[in-house]
Amino acid sequence: MREARRKKKWTQRQAAVALGVTQGYLSMLEKGRRAVSDRFARKALKVLRLPPTAVPLRSWEAARRRDFGAELGALGYPGLSYLRLSSSRGPRNPAEVLLGALSEPNLDARVAEGLPWLVLRYVDMDWVWLTDNAKMRDLQNRLGFAVSLAIDTAKTKSDTEMVTALRSRLDVLEKARLAREDTFCHESMTLAEKVWLRQNRSAMAAHWNLLTDMRAEHLEHASG
């Protein structure tokens, strides 16, 4: 918030007036001495024109009735832009959305297909927080697969800068890759589906020990 305020050449008092808070309260927020409420976060994003990555990361907990489709739509994902996030819920940091979605045992296929887009769109998200939390919950293979799909998409756009940035993230996940078999948020698949996927999944999915038929060329909105 401090950086955004200074970029607009506002004094702390001017910013406080625009945000509808006292200067003292804003000072505490900028110094990290007060937690940022959902209501204030929504207003700060608009007034200071902050990116979603600036939203403070909450202490992570298992998702409870979260609408990941609406959360992706709110972050700009073209495939789900028609969905509306409840006005009672504050904006979420893309890293938090990604981790929460990857932790789901069964995720709507449209949402799962949007996760590589999330990696590409918000490549500047807090990767230390994201990777540490993914490893704590044994989600590094799912995250590694999403990043790998994002890299393949970036390659089709000849975006070498993006590929380089994402590969540095992938290197950390490669070192923590798990040997156990998993799915890409589709644990309810049948035994027959699992048998078929072991024989027909992509080399990338096999590398991350995931049973999934998702491929970069099938992600309609990933580069949008």
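The structure under discussion appears in the preceding block.
We now turn to the structure provided with this report. (Residues numbered from 1 in each chain as written. Predicted model: local features only at pLDDT ≥ 70, side-chain atom pairs only at ≥ 80, totals over all residues. Heavy atoms only, no water.)

## Digging into the overall build of the protein chain
Along the protein chain, the regular secondary structure elements total 12 helices and 2 strands. If you list the helices and strands of the protein chain from N to C, you get α-α-α-α-α-α-α-α-α-α-β-α-α-β. With the C-alpha coordinates aligned to their principal axes, the bounding extent of the protein chain is approximately 65 × 40 × 35 Å. Each of the 224 residues in the protein chain was classed as buried or not, and the buried ones make up 44%. (Helix = DSSP H or I, 4+ residues; strand = E, 2+ residues; numbered from the N terminus. Buried < 20%, exposed > 50% of the residue type's maximum accessible area, 1.4 Å probe, protein only.)

## Observations regarding the packing of helix α6 (residues 94–102) against helix α7 (residues 109–121)
Relative orientation of the contacting elements α6 and α7 amounts to 155 degrees, with a least axis distance of 10 Å. Considering the angle they form, α6 stands roughly antiparallel to α7. Handedness of the α6/α7 crossing: left-handed. Between α6 and α7, the residues in contact are P94, V97, L98, A101 and L102 and L115, L118 and V119, respectively. When grouped by side-chain class, the residues that make up the contact of α6 with α7 number 8 nonpolar, no polar and no charged. (Axes fitted to C-alpha atoms, helices over the stretch in contact; angles between N-to-C directions. Parallel < 35°, antiparallel > 145°, perpendicular 65-115°, else oblique. Left-handed = near helix turned anticlockwise from the far one by under 90°. Contact = heavy atoms within 4.5 Å. Nonpolar A, V, L, I, M, F, W, Y, C, P; charged D, E, K, R; others polar.)

## Here we look at the packing of aromatic side chains
According to the stated counting rule, one finds 4 aromatic pairs in the structure shown. Seen in terms of ring centroids, Y25 and F40 are 6.2 Å apart; in terms of plane orientation they differ by 85 degrees. Their pairing is edge-to-face. Of this pair, Y25 sits in helix α3 (residues 23–30) while F40 sits in helix α4 (residues 38–47), and the two are 15 residues apart along the sequence. For the pair formed by Y25 and F40, the shared burial category is buried. For the ring pair Y77 and W117, a centre distance of 5.3 Å and an interplane angle of 55 degrees mean the geometry is tilted. Taken together, the residues span a long stretch of sequence, with Y77 in the loop between α5 (68–74) and α6 and W117 in helix α7 at a distance of 40 residues. With relative accessibility at 4%, the residue Y77 sits in the buried group. Among the aromatic residues, ring-to-ring pairing joins Y77, W117 and Y122 into one connected group. We note K8 situated over the ring of W10; from NZ or CZ to the ring centre the distance is 4.7 Å. (Phe/Tyr/Trp six-rings, centres within 6.5 Å; stacked < 30°, edge-to-face > 60°. Lys NZ or Arg CZ within 6 Å of the ring centre and 35° of its normal.)

## Details of the nonpolar core
By size, the foremost hydrophobic cluster in this structure holds 49 residues, and its most contacted members are L98, L130, L143, F145, V147, L166 and F184. When contributions to this core are tallied by element, the ones reaching two or more residues are α5, α6, α7, α8 (127–136), α9 (140–156), α10 (160–174) and α12 (203–207). In terms of residue count, the dominant contributor to this core is α9 (8 residues). Sequence-distant contacts of L166, that is, excluding residues within four places in its chain, are made with V119, L120, V123, V147, A150 and I151. In terms of nonpolar packing, the next biggest core, distinct from the first, is built from 13 residues, A4, A16, L48 and L50 among them. (Core = buried A, V, L, I, M, F, W, Y, C linked by side-chain atoms within 4.5 Å.)

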